[in-house]
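In case you want the letters, here they are:
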Amino acid sequence: METLDFDAIRAALLAERAQLLSDREETIVAPDQMTYGSQAAAASQVFAQQRDLALRDRADTQLALVDAALVRLDGGTFGTCIRCGRPIPPGRLEALPWAPRCIDCQRIADRER
């Protein structure tokens, strides 16, 4: 069985965290005051604002996963599924170092949503 390079995983998690925090700091621009004849422009601005808010929400969710993975890494439980307690395959953790569940448990969690 493959062994995990915890230093490389920590570096990947910290890099992802830094990127998410950087993305999170980008300003979301409120739509301008709508004037007569500018409904299309206002609709475009509202769409852009909604997109930016959705991206910020996604970044917040991702940041929580990364922070939780760092806590597991520090606590010695990294690489263990939080649902079933079995080891998470190293290939999964290399692809998604913040993954809290094995693939089977993640499928179950996705269906429960």
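The text that follows walks through the structure, step by step, so that each part is easy to find.

Thresholds, definitions, all that
Residues numbered from 1 in each chain as written. Predicted model: local features only at pLDDT ≥ 70, side-chain atom pairs only at ≥ 80, totals over all residues. Heavy atoms only, no water. Core = buried A, V, L, I, M, F, W, Y, C linked by side-chain atoms within 4.5 Å. Buried < 20%, exposed > 50% of the residue type's maximum accessible area, 1.4 Å probe, protein only. Helix = DSSP H or I, 4+ residues; strand = E, 2+ residues; numbered from the N terminus. Contact = heavy atoms within 4.5 Å. Expected span 1.5 Å × (residues − 1). Lys, Arg positive; Asp, Glu negative; His and termini not counted. Salt bridge = Lys/Arg side-chain N within 4 Å of Asp/Glu carboxyl O. Phe/Tyr/Trp six-rings, centres within 6.5 Å; stacked < 30°, edge-to-face > 60°. Arc of directions from axis to C-beta.

Moving on, we come to the nonpolar core. Counting 17 residues, the largest nonpolar core has Leu13, Val66 and Phe78 as the members making the most contacts within it. Contributing elements (two or more residues each) for this core: helix H1 (6–24) and helix H2 (39–75). Looking at which element gives the most residues to this core, the answer is H2, with six residues. Residue contacts for Phe78: discarding those within four places in its chain leaves Leu4, Phe6, Ile9, Leu13, Ala69, Arg72, Leu73, Leu93 and Pro97.

It is worth spelling out H2 at this point. Along its 37 residues, H2 runs 54 Å from first to last C-alpha, staying within 8% of the 54 Å computed at 1.5 Å per residue. Listing the buried residues of H2 in full gives Ala42, Gln49, Ala59, Gln62, Leu63, Val66, Ala69, Leu70, Arg72 and Leu73. Against H1 lie the buried residues of H2. Two residues or fewer past H2, Gly76 is found with a positive phi of approximately 80 degrees.

Topologically, Arg92 is positioned in helix H3 (residues 90–95). With no salt bridge to any partner, buried Arg92 finds its closest opposite charge in Asp110, at an N-O distance of 7.2 Å. Not counting the four nearest positions on each side in its chain, Arg92 is found in contact with Ala99, Arg101, Cys102, Ile103 and Gln106.

What follows is about the pattern of salt bridges. Applying the stated rule across the entire model yields six salt bridges. For Asp67, the salt bridge is made with Arg17, and the minimal N-O distance between the two is 2.6 Å. On the criterion of sequence distance, the pair formed by Asp67 in helix H2 and Arg17 in helix H1 is long-range, its members being 50 residues apart. Residue class for Arg17 comes out partly exposed when judged on its relative accessible area of 28%.

This part covers the packing of aromatic side chains. As enumerated under the stated definition, the model contains one aromatic pair in all. Consider the rings of Phe6 and Phe78, whose centres lie 6.2 Å apart with planes at 80 degrees: the pair is edge-to-face. With Phe6 in helix H1 and Phe78 in the loop between H2 and H3, this residue pair connects regions lying 72 residues apart in the sequence.

All buried positions along helix H4 (residues 103–112) are accounted for by Cys105, Gln106 and Ala109. Buried residues of H4 fall within an arc of 100 degrees about the axis and therefore sit on the same side. Looking at H4, the residues exposed on the side facing more than 90 degrees away from the buried face are Arg107 and Arg111.

Okay, the environment of Leu20 next. Mapped onto the fold, Leu20 is located in helix H1. Classification of Leu20 by relative accessible area gives buried; the value is 6%. C-alpha separation for the pair Leu20 and Asp60, spaced 40 residues apart in sequence, amounts to 7.9 Å. With residues up to four places along the chain from it excluded, the contact list for Leu20 reads Ala59, Gln62, Leu63 and Val66.

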